[in-house]
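The lines below spell out each chain.
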Amino acid sequence: MTDLTEQLRERILAASSAAPLCIRGGGSKDFYGCELRGELLETRAHTGVLAYEPTELVITARCGTPLAEIEAVLAEHGQCLAFEPPRFAENCTIGGAVAAGLSGPRRVSAGAVRDFVLGVKILDGAARELSFGGQVMKNVAGYDVSRVMAGSLGTLGLLLEISIKVLPRPVAEATLSFAMPQAVALDKLNQWAAQPLPIVASAWQDGMLSVRLAGARAAIAAAVQMLGGEKVEDGATAAFWDGLRDQHASFFAGMPLWRLSVPSVAPVIALPGETLMEWGGAERWLHSDAAPATIRAAAASVGGSATLFRADSTLKATVGAFAPLPLPLLNLQRRLKQIFDPHGIFNPGRMYAEL
Amino acid sequence: MTAALSPAPDQDDTRRVALLARLLPLLPTGGLLSDPEDIKPYECDGLTAYRCLPWCVALPDSEAQVIAVLRVCHVLQVPVVVRGAGTGLSGGATPVAAGVVLSLARFMRIIEIDPLARLARVQPGVRNLAISEAAAPLGLYYAPDPSSQIACTIGGNVAENSGGVHCLKYGLTVHNILKLRVALIDGEVIEIGTHALDSPGYDLLALLIGSEGMLGVVLEATVKLTPRPTVAQVVMASFDDVTQAGNAVAAIIAAGIIPAGLEMMDKPATAAVEAFVHAGYDLSATAILLAESDGTEQEVAEEMAAMCQVLETSGARDLRVSRSDAERLKFWAGRKAAFPAVGRLTPDYLCMDGTIPRKHIAHVLTRIEELAQQHRLRVANVFHAGDGNLHPLIMFDASRDDELDRATALGAAILELSVEVGGTITGEHGVGIEKVQQMCLQFSADELAAFRGVKAAFDPLGLLNPGKAVPTPRHCSEYRLTGSAR
C-alpha cells in the first residue's frame, strides 16, 4: 500500500506537449491501441485497496493495485468483478483494466467495465486532483465523467483511484457444448437471449458452440435439461473460459488480430480467415489477411466497428487501431480532451492521432 | 438564477417578438404557444415549488422542426429548455423566463421493436411504460421503472439517468440505452452508441445520459429490452426497529443475493400508503422491507427461501410472501404510489433523493427525524434500500408563514447529511435547479469547472437548459456564505 500521488503530480507538472507522458500500469496492454509515445510514467507502485465492504458491493483501490490482489480480496467474500477484465499478464493493474475498457466473456450478460465504474479520482493535465462519481450505487450529481474514463486509454487523465461495483459470484455454473455452424449458432444465441435463461457467456469456434450458464443451482439444472447439448466436465470449464478471457487460448496467437464489435444479430461476416465469436454474437475475433479497409467496411456495413487489436506497429501506424470517427464526434472528443488535458501530455495518439 | 440571461424589459420584448415571428412559420398549426393561459401548464415540472413562464412553448412534430427551432434559438441566442412529460422532481424542466420550452410530447412513436435483437427504437416522447407494454407480447420489457413510469418519457429518463425499484439488479437508464440520435444546439445531428455492445472513442453515451438536457436534445433512443422473468415473488418483512431493518438489507447482500427489488418504508410512509391503496401493509411496524426475487421458477424458489431465512435471522417480526402475481403487484402498488399517497396528507411536499452507503441507513434515518423536529416539519421515508437511495418526503404547506423556507432548509440539511456520510445529493432525480447549490458541497471548484468545460464542449453559448445542474462560481460563493461548501 503506497501513495505515490505527490511523485505522480510532479511528473505531470514537469511534462509538456513537447515532452508528453506515457502512462503505464502493469504494461500488459502495451500492445493495445496505437503507438506508445512519451516518457514512461509508471503507476504500478501507487497501490492499495482503500475501502472494501462486501455488503456495500463496492471496492475502492489505487490504480496500481494488481487485478489479482483485488480479485483475491473479493473472492474471500464470495464476490467478483463480473465484467471479467482480461488479464494478459499476471502483473496487470486495476487502473489499466479501467483505462483499456476491455471486458471478458461475461460482459454480454453482466455489462462492461463502464457499467461498473462508480467513481474515480484523477490527476488532470494540470496535475489537479479531481473526483467524479462516488462510492454509492446511484449517483447523478454532475456529468458522468467517471464512466467516460473507462476505455479512454489514459488520454484524459491519470486515474489515481477507482471505485467499482462488485457482485456475488454465481452459486453454480455449467458449460454446454453444441456442434453447429456459425449461422445456426447465431440464430440459437439470439433466440435464447430473448428468453429468461441463465446464459452468461458464449463462444463459437470451428463449428463448436460453448454456452456458459450461471445462477441458482436449480435454474442451471433446468436450463441444462431444456437446452440439451453436451455438458462439459466441470473441471475443464474454468480453464476454457479463462483462456478466452485472458486470451491464452491458442486462437489468439498470431497477428493481425481484429476485434469486430457488431450487433449480435448481424449475419456471418463473409471475410477470409478464422473467426472466434463471443458475447452472443456481438463480438467477433478475426485473424484475416483481408485489407484493413475491407474489414472495417464489413463491420460498418452491419452497424458495428472493427478494432485492429494486435498487429505489428507498421500496420497499426498505417490504419490506426480504432475505426475512424465521424467528424462531428471526433470534434466533440477533441473538445473533451481539451478540458482534461489541454496541453496533450497524456498518452498522445494512443487512441487517435487527434486526441 | 435567470437574471444574467435577461436583458432590459423593452429590449426583451423586441427579442421575444422577433423570436415568435421566426418560430411561427416553422411549426405546425397550434405548435407554438405564447398566450400566458396556454403556456401556464408548462410553468413548472414535478418540482412545483418553482414556477416560471417562458416566452413561448414550441411543440414540433417532426425532427426537421426540432432542428429548425434549435437553429433559430441558436442564431438569436435564446435559451431552450427541453421538456418531456414534465414529471421530473428536481426542476430540470423549469422554464427560463426569456426562453423557449421545447416540448417533445408529440414524439410518441415506437419506431421499431426487434425481438431477436432485443431492442426498441423509440421517439423521445414515448412513455417509459409504453415500451414495456408494446414489448410484452414478445416476452420482453424495458427494465428501468421509475415510479412515474406511467407518465414519464424515455427522453426525460435519458436526461435524468432515471432509476427505479429494480435497478440494483437491472441497472439504471445508462445501463439500458444502446444508442441515441441527438441534436446539438446548433442543429447538428449526431449518433452516439450503436446496436453493438460498444463503439470506438470516448463513451459519449455515458456523458449524455444524465446530462439533464444541457448537452443535446434526444431525437431517438434505442433501448435494450430484457426477457421478462418467468416468475417474480415479493416478501414483505416487518421490523420493530430501523437499525434491524438496515442490517437485514446488508445481511441479504452478504448472503450473496442481489434481489430484483429491495425497498424500505418507515412508519409514516406505510401509514400514508395504506390509507391510499389498502395494500395490507403492517401499520404497527417501525419499518417494512419489500424484497423481490425474479427469474425462473426454480431460481425464485431457491432465492426466496434464502431471503426469508436471512430476514428472520435479522429479526423480522412478520414475513408475508406474495401468493400470486396479483398480490405481488398489490404489495408494489403501495410502494409505487408512495409519493401521491403522501401528497394526499399535505398540501405540498418536497421529495429528496440522496444516496448513502447502506451501512449508514439507521444513522441517517435517525438524524433525519431529529432534523425534521428541529425544523418543525414531518417527514415520511421511502427508500431504495438495495442501492442506498433515500427518498425522504418533507411535508409542508407553502401557504403558511415560513413553511416553504423551513422545508427547503430541512431538505438542504438532509442533502448535507448524505454527503457527510459519503453519499451523494442525488441518486436518480437529478440536480436541476433544486439542488444546484448543493453541488458546491459535493464538488470542488476545479471539478465544477470541469463540468462547465463539458457543457461548453457541446453547447459553447450555454443555451441548453441554462442555470441547471452545474452551479456558477457565483452560486458557490453565495452558498459558502450560508453553508459549508468545499
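Predicted, not measured: the structure shown is a model, and the values here were computed from it.

## Some details on the overall build of chain B
Okay, so step 1: Along the backbone of chain B there are 17 helices and 18 strands.
Okay, so step 2: Over its C-alpha atoms chain B spans a radius of gyration of 23 Å, differing by no more than 12% from the 23 Å that the globule rule assigns to 486 residues.
Okay, so step 3: In terms of its C-alpha atoms, chain B occupies a principal-axis envelope of roughly 70 × 55 × 40 Å.
Okay, so step 4: Within chain B, contacts between residues separated by at least 24 positions form 71% of all contacts whose residues are at least 6 apart in sequence.
Okay, so step 5: Counting only carbon and sulfur atoms, one obtains 54% of the accessible surface of chain B, whose full area is about 17000 Å².
Okay, so step 6: Within chain B, the 56 negative side-chain charges are centred at a point lying 2 Å from the centre of the 40 positive side-chain charges.

## Points about the overall build of chain A
Okay, so step 1: Of the regular secondary structure elements, chain A holds twelve helices and 17 strands.
Okay, so step 2: Over its C-alpha atoms chain A spans a radius of gyration of 21 Å, differing by no more than 12% from the 20 Å that the globule rule assigns to 355 residues.
Okay, so step 3: The dimensions of chain A, computed from C-alpha atoms along their principal axes, are 60 × 50 × 35 Å.
Okay, so step 4: A buried classification covers 61% of the 355 residues belonging to chain A.
Okay, so step 5: Nonlocal contacts in chain A, meaning residues at least 24 apart in sequence, comprise 68% of its contacts between residues at least 6 apart.
Okay, so step 6: Only carbon and sulfur atoms are counted for the fraction: they give 53% of the accessible area of chain A, which is about 12800 Å².

## Quick look at helix 8 (residues 242–254) of chain B
Residues and elements named next belong to chain B.
Okay, so step 1: With 13 residues, helix 8 extends 18 Å between its outermost C-alpha atoms, agreeing within 8% with the 18 Å of an ideal straight helix rising 1.5 Å per residue.
Okay, so step 2: All of the buried residues in helix 8 are V242, A245, G246, A248, V249, I252 and I253. Each buried residue of helix 8 sits inside an arc of 155° when the element is viewed along its axis, so together they form one side.
Okay, so step 3: On the buried face of helix 8, the contacting elements are helix 6 (167–170), strand 12 (231–239), strand 13 (261–266), strand 14 (287–295), helix 10 (297–313) and helix 13 (361–374).
Okay, so step 4: Its side-chain oxygen 3.0 Å from the backbone nitrogen of T243, D241 forms the N-cap of helix 8.
Okay, so step 5: Looking at the residues trailing helix 8, positive phi occurs at G256, about 80°.

## Structural notes on the interface of chain A and chain B
Okay, so step 1: Across the contact, 68 residues belong to chain A and 83 residues belong to chain B.
Okay, so step 2: Taken together, both faces of the contact between chain A and chain B bury some 6100 Å²; the carbon and sulfur share is 64%.
Okay, so step 3: The largest share of the area that chain A buries against chain B comes from A:K138, A:V140 and A:Y143, three residues that together contribute 16% of it.
Okay, so step 4: Along the contact surface separating chain A from chain B lie six salt bridges.
Okay, so step 5: In this structure, B:D198 engages A:R259 in a salt bridge whose closest nitrogen and oxygen atoms are separated by 2.7 Å.
Okay, so step 6: Looking at the side of chain A that touches chain B, the element that brings in the most residues is helix 12 (residues 327–340) of chain A, giving nine residues.
Okay, so step 7: Classifying every residue of the side of chain A that touches chain B by side-chain character gives 39 nonpolar, 14 polar and 15 charged.

## Considering the state of the cysteines
What makes a disulfide is a covalent bond joining the sulfur atoms belonging to two cysteines.
Okay, so step 1: Using the criterion set out here, one finds one disulfide over all chains in the structure.
Okay, so step 2: With no disulfide partner, B:C56 has as its closest neighbouring cysteine sulfur the one in B:C73, 7.1 Å distant.

## Re the sheet that holds strand 2 (residues 56–58) of chain B
Backbone hydrogen bonds are what pair the strands of a sheet, in a parallel or an antiparallel way.
Residue and element names in this part refer to chain B.
Okay, so step 1: An order of 1-2-4-3 is seen for the four strands of this open sheet, with the pairing classed as mixed. Edge positions in the sheet fall to strand 1 (32–33) and strand 3 (80–83), since each of these pairs with one other strand and no more.
Okay, so step 2: Where strand 1 lies against strand 2, two bridges are found, and the strand directions are antiparallel. Bridge pairing in strand 2 links L33 to V57.

## Considering the pairing of strand 6 (residues 117–123) of chain A
Residue and element names in this part refer to chain A.
Okay, so step 1: By the criterion of burial, strand 6 is predominantly enclosed, with six of the seven residues buried.
Okay, so step 2: Pairing between strand 6 and strand 8 (residues 158–165): six bridges, direction antiparallel. In the sheet register, V120 faces strand 8, and the bridge partner there is I162.
Okay, so step 3: Relative to strand 7 (residues 129–133), strand 6 runs antiparallel, the two being bridged by five bridges. Paired with K121 across the two strands is S131, which belongs to strand 7.

## A look at unusual backbone geometry
Residues and elements named next belong to chain A.
Okay, so step 1: The omega torsion across M255 and P256 is -5°, close enough to zero to call that bond cis.
Okay, so step 2: Along the chain, P256 turns up in the loop between helix 9 (234–245) and strand 14 (257–261).
Okay, so step 3: Even without glycine at this site, L57 takes up a positive phi of about 60°.
Okay, so step 4: Considering the arrangement of structural elements, one finds L57 in the loop between strand 3 (49–53) and strand 4 (58–62).
Okay, so step 5: Of the residues examined, L57 reaches a relative accessible area of 0% and is grouped as buried.
Okay, so step 6: A positive phi angle, close to 55°, is found at W279, a residue other than glycine.

## Here's the deal with the pattern of salt bridges
Pairing between side chains of opposite charge can happen when their charged atoms approach one another.
Residue and element names in this part refer to chain B.
Okay, so step 1: For the coordinates displayed, the defined rule picks out 47 salt bridges over all chains.
Okay, so step 2: We note a salt bridge from R121 to E220, for which the minimum N-O separation is 2.8 Å. Residue R121 is located in strand 6 (residues 119–122), and its partner E220 is located in strand 10 (residues 217–224); the two are separated by 99 residues in the primary sequence.
Okay, so step 3: In this structure R121 comes out as partly exposed when scored by relative accessible area, which is 24%.
Okay, so step 4: Between R317 and D282 there is a salt bridge, with its nearest N and O atoms 2.6 Å apart. Of this pair, R317 sits in the loop between helix 10 and strand 15 (318–321) while D282 is found in the loop between helix 9 (267–277) and strand 14, placing the two residues 35 residues apart along the sequence.
Okay, so step 5: Residue class for R317 comes out partly exposed when judged on its relative accessible area of 38%.

## Points about the side chain of A:S288
All names here are of chain A.
Okay, so step 1: Along the polypeptide, S288 turns up in the loop between strand 16 (283–287) and helix 10 (292–301).
Okay, so step 2: Within the local environment of S288, its side chain forms a polar contact with the backbone oxygen of P272, the two atoms lying 2.7 Å apart.
Okay, so step 3: In this structure the side chain of S288 is engaged in a polar contact, spanning 3.0 Å, whose partner is the backbone nitrogen of A290.
Okay, so step 4: Excluding its chain neighbours within four sequence positions, the residues that come into contact with S288 are P256, W258, P272, G273 and I295.

## Quick look at helix 8 (residues 217–227) of chain A
Okay, so step 1: Taken together, the buried positions of helix 8 of chain A are A:A219, A:I220, A:A223 and A:L227. For helix 8 of chain A, the angular spread of the buried residues around the axis is 100°, confining them to a single face. For helix 8 of chain A, the exposed residues set more than 90 degrees away from the buried face come down to A:R217 and A:Q225.
Okay, so step 2: Where helix 8 of chain A is buried, its residues touch strand 10 (172–179), helix 7 (182–193), strand 11 (199–205) and strand 12 (208–215) of chain A together with helix 10 of chain B.
Okay, so step 3: Positive backbone phi, at 75°, marks A:G228, one or two positions downstream of helix 8 of chain A.

## Brief notes about the domain arrangement of chain A
Residues and elements named next belong to chain A.
Okay, so step 1: In terms of domains, chain A is made up of domain 1 (5–168) and domain 2 (171–254 + 256–310).
Okay, so step 2: Residue-level contacts link 16 residues of domain 1 with 17 residues of domain 2.
Okay, so step 3: If you look at where domain 1 meets domain 2, you find four salt bridges.
Okay, so step 4: Where R87 meets D242, a salt bridge forms, and the shortest distance between an N and an O atom there is 3.3 Å.
Okay, so step 5: At the boundary of domain 1 and domain 2, one finds eight residue pairs in polar contact (both at pLDDT 80 or more).

## Focus: the environment of B:S211
Okay, so step 1: Take B:S211: it is sitting in the loop between helix 7 (204–208) and strand 10.
Okay, so step 2: Under the relative-accessibility criterion, B:S211 is labelled buried at 3%.
Okay, so step 3: When the C-alpha atoms of B:S211 and B:A469 are compared, they prove to be 8.3 Å apart, with 258 residues separating the residues in sequence.
Okay, so step 4: Not counting the four nearest positions on each side in its chain, B:S211 is found in contact with A:Y143, B:V158 and B:A159.

## Focus: the nonpolar core
Okay, so step 1: Counting residues in hydrophobic clusters, the biggest one holds 164 residues, and the most contacted among them are B:L180, B:M264 and B:F458.
Okay, so step 2: Residue-level mapping places this core at the junction of two domains, with at least three residues from each of domain 1 (5–168) and domain 2 (171–254 + 256–310) of chain A.
Okay, so step 3: In this structure B:F458 touches A:L332, B:L184, B:I185, B:L204, B:L207, B:L208 and B:L215, once residues within four positions along its chain are discounted.
Okay, so step 4: The next biggest cluster of nonpolar side chains, apart from the first, holds 27 residues, and it includes B:V66, B:V69, B:V72 and B:L463.

Rules used in this analysis
- Residues numbered from 1 in each chain as written.
- Chains lettered and ligands numbered in written order.
- Predicted model: local features only at pLDDT ≥ 70, side-chain atom pairs only at ≥ 80, totals over all residues.
- Heavy atoms only, no water.
- Helix = DSSP H or I, 4+ residues; strand = E, 2+ residues; numbered from the N terminus.
- Rg over C-alpha atoms; globule rule 2.2 N^0.38 Å.
- Contact = heavy atoms within 4.5 Å.
- Areas by Shrake-Rupley, 256 points an atom, 1.4 Å probe, with all protein chains shown as cover.
- Lys, Arg positive; Asp, Glu negative; His and termini not counted.
- Charge placed at Lys NZ, Arg CZ, Asp CG, Glu CD.
- Buried < 20%, exposed > 50% of the residue type's maximum accessible area, 1.4 Å probe, protein only.
- Expected span 1.5 Å × (residues − 1).
- Arc of directions from axis to C-beta.
- Polar contact = N/O pair within 3.5 Å; in protein donor to acceptor, adjacent residues only side chain to side chain.
- Buried area = accessible area lost by both parts, 1.4 Å probe.
- Salt bridge = Lys/Arg side-chain N within 4 Å of Asp/Glu carboxyl O.
- Nonpolar A, V, L, I, M, F, W, Y, C, P; charged D, E, K, R; others polar.
- Disulfide = S-S within 2.5 Å.
- Pairing = 2+ DSSP bridges.
- Domains from an automatic or database assignment.
- Core = buried A, V, L, I, M, F, W, Y, C linked by side-chain atoms within 4.5 Å.

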